Amino acid sequence: MDRVERVRQALEATGLDADLVQELPADTSTAEAAARAVDAPVGSIVKSLVFLADGQSLLVLVAGDQRADVKGLRAELGLSKRRLRIARPAEVLDNTGFEVGGVPPVGHGESLRTLIDR
């Protein structure tokens, strides 16, 4: 099953309208590029960032116009710099089935612990 279909199925499983999912021909690998592609403010784009927390994948969703507060995240989770780090590109692909710059908030190969920044 292709990645777009995985996202559609994940949305349908939660009762959301999967018909809203579309694969864009434009580059969407950054929040700025994604905002241009859909003609929306950067703050309305959600960045899906993958971290490793004690070796386990952690998905952090952040508004496109914000940066993840990694120190705050470590403090909130009670984890040191060694125990919480941003995942490397190969780890992101292995843990989500998507490449860096194209990770959706749903539809991953495995269920990921997810935190959403306010």
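What counts, and where the lines are drawn
- Residues numbered from 1 in each chain as written.
- Predicted model: local features only at pLDDT ≥ 70, side-chain atom pairs only at ≥ 80, totals over all residues.
- Heavy atoms only, no water.
- Salt bridge = Lys/Arg side-chain N within 4 Å of Asp/Glu carboxyl O.
- Buried < 20%, exposed > 50% of the residue type's maximum accessible area, 1.4 Å probe, protein only.
- Helix = DSSP H or I, 4+ residues; strand = E, 2+ residues; numbered from the N terminus.
- Arc of directions from axis to C-beta.
- Pairing = 2+ DSSP bridges.
- Axes fitted to C-alpha atoms, helices over the stretch in contact; angles between N-to-C directions.
- Contact = heavy atoms within 4.5 Å.
- Polar contact = N/O pair within 3.5 Å; in protein donor to acceptor, adjacent residues only side chain to side chain.

A. How the structure looks around the pattern of salt bridges. Per the stated rule, a full pass over the model turns up four salt bridges. Close ionic contact of glutamate 91 with arginine 85 constitutes a salt bridge, the shortest N to O distance being 2.7 Å. Across the salt bridge formed by glutamate 91 and arginine 88, the nearest N and O atoms sit 3.3 Å from each other. The class for glutamate 91 is buried, based on a relative accessible area of 18%.

B. Structural view of helix α1 (residues 3-13). Those residues of α1 that sit buried are Val4, Val7 and Leu11. For α1, the angular spread of the buried residues around the axis is 65 degrees, confining them to a single face. Positive backbone phi, approximately 90 degrees, marks glycine 15, located one or two places after α1.

C. Highlighting the sheet that holds strand β4 (residues 113-116). With mixed pairing, the four strands of this open sheet are ordered in space as β3-β1-β2-β4. Looking at strand neighbours, the two that pair on one side only are β3 (84-86) and β4, the edges of this open sheet. Geometrically, the sheet is characterised by an average inter-axis angle of 30 degrees between neighbouring strands, direction not taken into account. Strands β1 (46-53), β2 (56-63), β3 and β4 of the sheet are contacted by helix α3 (residues 70-77), whose axis makes an angle of about 150 degrees with β3. Sitting on the sheet, helix α4 (residues 89-96) touches β1, β2 and β3, and the angle it makes with β1 is about 100 degrees.

D. Summary view of unusual backbone geometry. Even without glycine at this site, aspartate 39 takes up a positive phi of about 50 degrees. Inspection of the secondary structure assignment puts aspartate 39 in the loop between α2 (31-38) and β1. The exposed category is assigned to aspartate 39, whose relative accessible area is 73%. Positive phi values are uncommon outside glycine, yet aspartate 54 reaches one of about 55 degrees. With respect to the helices and strands, the residue aspartate 54 is situated in the loop between β1 and β2. By relative accessible area, aspartate 54 is classed as partly exposed at 45%.

E. Examining the environment of aspartate 27 more closely. Positionally, aspartate 27 belongs in the loop between α1 and α2. Measuring from C-alpha to C-alpha, the distance between aspartate 27 and glycine 101 comes to 9.2 Å, with 74 residues separating the pair along the chain. Sequence-distant contacts of aspartate 27, that is, excluding residues within four places in its chain, are made with Ala33, Ala34 and Ala37. A distance of 2.8 Å separates a polar atom in the side chain of aspartate 27 from a polar atom in the side chain of serine 29.

In short, the description is geometric, and any link to function would need to be established separately.
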